[in-house]
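Residue-level structure breakdown
Now for the letters of each chain:
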Amino acid sequence: MIAERMSSESIPASLNSPSKPNARRPIIAIDGPAGAGKSTIARHLASYFGLLNLETGAMYRAFAFKALSASISLEDVPPLLELSAQTTIHLEPTEAGNRVFLDGVDVTGELREPSVTDGASRVSVHPQIRAWMVGLQQELGVAGGVVMEGRDIGTVVFPNADVKIFLDAAPEVRGLRRYDQLGDAAAEVQPEEVVRELRARDERDRNRADSPLKPADDAVLLDSTHLTLDEVVAQAEAIVTEKLGSEILTPTPSK
Ligand code: DC
């Protein structure tokens, strides 16, 4: 069970030799429901501040994909645990998002299927599976220099994260943003269906007994319902800069 950081040759130069020798390597936690824009914001912050972005949802997706491929019931914990013991998940952050390697094979292209999206939410309710994932995620982030995105980063994975942002938006807005991102596939579904699926997943993620999706007490809430992407990005940058001040690695101006 290994989830590795990027190999040293692929780590951005700003992390190998920070422009400020004593600059801290912060942990920035971005949590929130599906479709709130976490990945976009996390990617932007990582690139702007010279950090690695790690998408923890991709790890649950990779595991759900493996369980579905092996025809293991996503409700049956003992075989899922057995499967987890034979599973390695490796995230490789890139400018365009994480590439995900499952047992050494790049499965990035498989993880956005609706069955995998739903499956990730279903496997993530099991405490033993969460404990395994949380351990992997803590290993990945413990050295700092990361923007880690998920549902429980600020509450469970890194309760002492330097910055915690809880990104939210009204369900209809999140659903319609998801629908717009579907591109050609949008022809096959109705927007209402996407909103309905997203609400169902929200319901499960918010109401599970173990580590339900909720803001940490000390998270900054950022509601993007009425904001453009540029406005959300600007507010997220301002939150990080205010929290970390001059300790942060030197920002790279937006492209
Ligand atoms: O962020 P995402 O949509 O890729 O996440 C897929 C599912 O994984 C999500 O519905 C719930 C689960 N998840 C979780 O329980 N904890 C995390 N830190 C990240 C994702």
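As a starting point, this report considers the structure included with it. This structure is a prediction, so every number in the text was calculated from the model and none was measured.

**What to know about the packing of aromatic side chains**
Two numbers describe a pair of aromatic rings. These are the distance of the centres and the angle of the planes. Scanning the model with the defined rule gives 2 aromatic pairs in all. Taking 4.8 Å as the distance between ring centres and 85° as the angle between the ring planes, the aromatic pair formed by Tyr 48 and Phe 49 counts as edge-to-face. Residue classification places Tyr 48 among the buried residues on the basis of a relative accessible area of 17%. Ring centres of Phe 63 and Trp 132 lie 5.0 Å apart, and the angle between their planes is 70°; on these two criteria the pair is classed as edge-to-face. With Phe 63 in helix H3 (residues 56–69) and Trp 132 in helix H6 (residues 127–141), this residue pair connects regions lying 69 residues apart in the sequence. By relative accessible area, which is 0% here, Phe 63 ends up buried.

**Regarding helix H2 (residues 38–49)**
Residues separated by three or four positions in an α-helix point in the same direction, a consequence of the helix having 3.6 residues per turn. The end-to-end C-alpha distance of H2 is 16 Å, a good match for the 16 Å that 12 residues give at a rise of 1.5 Å each. Burial in H2 covers these residues: Lys 38, Ile 41, Ala 42, Leu 45, Ala 46, Tyr 48 and Phe 49. Packed against the buried residues of H2 are strand S1 (27–31), strand S2 (52–55), strand S6 (146–150), strand S7 (163–168) and helix H10 (229–244). Backbone geometry just downstream of H2 places Gly 50 in the positive-phi region, at approximately 70°.

**Re the sheet that holds strand S5 (residues 105–106)**
Spatial strand order, S3-S4-S5: 3 strands in an open sheet with antiparallel pairing. The open sheet is flanked by strand S3 (89–94) and S5, the only strands paired with a single partner.

**Comments concerning the site of the ligand**
As a structural note, the neighbourhood of the ligand is formed by 14 residues, with Arg 61, Arg 130, Asp 152, Asp 205 and Arg 208 the closest of them. For the ligand, a nitrogen atom lies 3.0 Å from a polar atom in the side chain of Thr 56. The protein chains hide 97% of the 450 Å² of surface that the ligand would expose on its own. Every element with two or more residues in the shell around the ligand is listed here: H3, helix H5 (114–123) and helix H9 (191–207). Residue composition of the shell around the ligand, by class: 2 nonpolar, 5 polar and 7 charged.

**With respect to the pairing of S3**
Relative to strand S4 (residues 97–102), S3 is paired through 6 bridges, and the arrangement is antiparallel. Bridging across to S4, Thr 94 finds its partner in Gly 97.

**Structural notes on the packing of H3 against helix H4 (residues 77–84)**
One can describe the packing of H3 onto H4 by two numbers: an axis separation of 11 Å at closest approach and a directional angle of 115°. One way to sum up the angle between H3 and H4 is to call them roughly perpendicular. When the axes of H3 and H4 are compared, the crossing they make is right-handed. Here H3 contributes Phe 63, Lys 66 and Ala 67 to the contact with H4, which in turn contributes Leu 80, Leu 83 and Ser 84. When grouped by side-chain class, the residues that make up the contact of H3 with H4 number 4 nonpolar, 1 polar and 1 charged.

Thresholds, definitions, all that
Residues numbered from 1 in each chain as written. Predicted model: local features only at pLDDT ≥ 70, side-chain atom pairs only at ≥ 80, totals over all residues. Heavy atoms only, no water. Phe/Tyr/Trp six-rings, centres within 6.5 Å; stacked < 30°, edge-to-face > 60°. Buried < 20%, exposed > 50% of the residue type's maximum accessible area, 1.4 Å probe, protein only. Helix = DSSP H or I, 4+ residues; strand = E, 2+ residues; numbered from the N terminus. Expected span 1.5 Å × (residues − 1). Contact = heavy atoms within 4.5 Å. Pairing = 2+ DSSP bridges. Near = heavy atom within 4 Å. Polar contact = N/O pair within 3.5 Å; in protein donor to acceptor, adjacent residues only side chain to side chain. Areas by Shrake-Rupley, 256 points an atom, 1.4 Å probe, with all protein chains shown as cover. Nonpolar A, V, L, I, M, F, W, Y, C, P; charged D, E, K, R; others polar. Axes fitted to C-alpha atoms, helices over the stretch in contact; angles between N-to-C directions. Parallel < 35°, antiparallel > 145°, perpendicular 65-115°, else oblique. Left-handed = near helix turned anticlockwise from the far one by under 90°.

Fair warning: the whole summary comes from geometry, so function is off the table for now.
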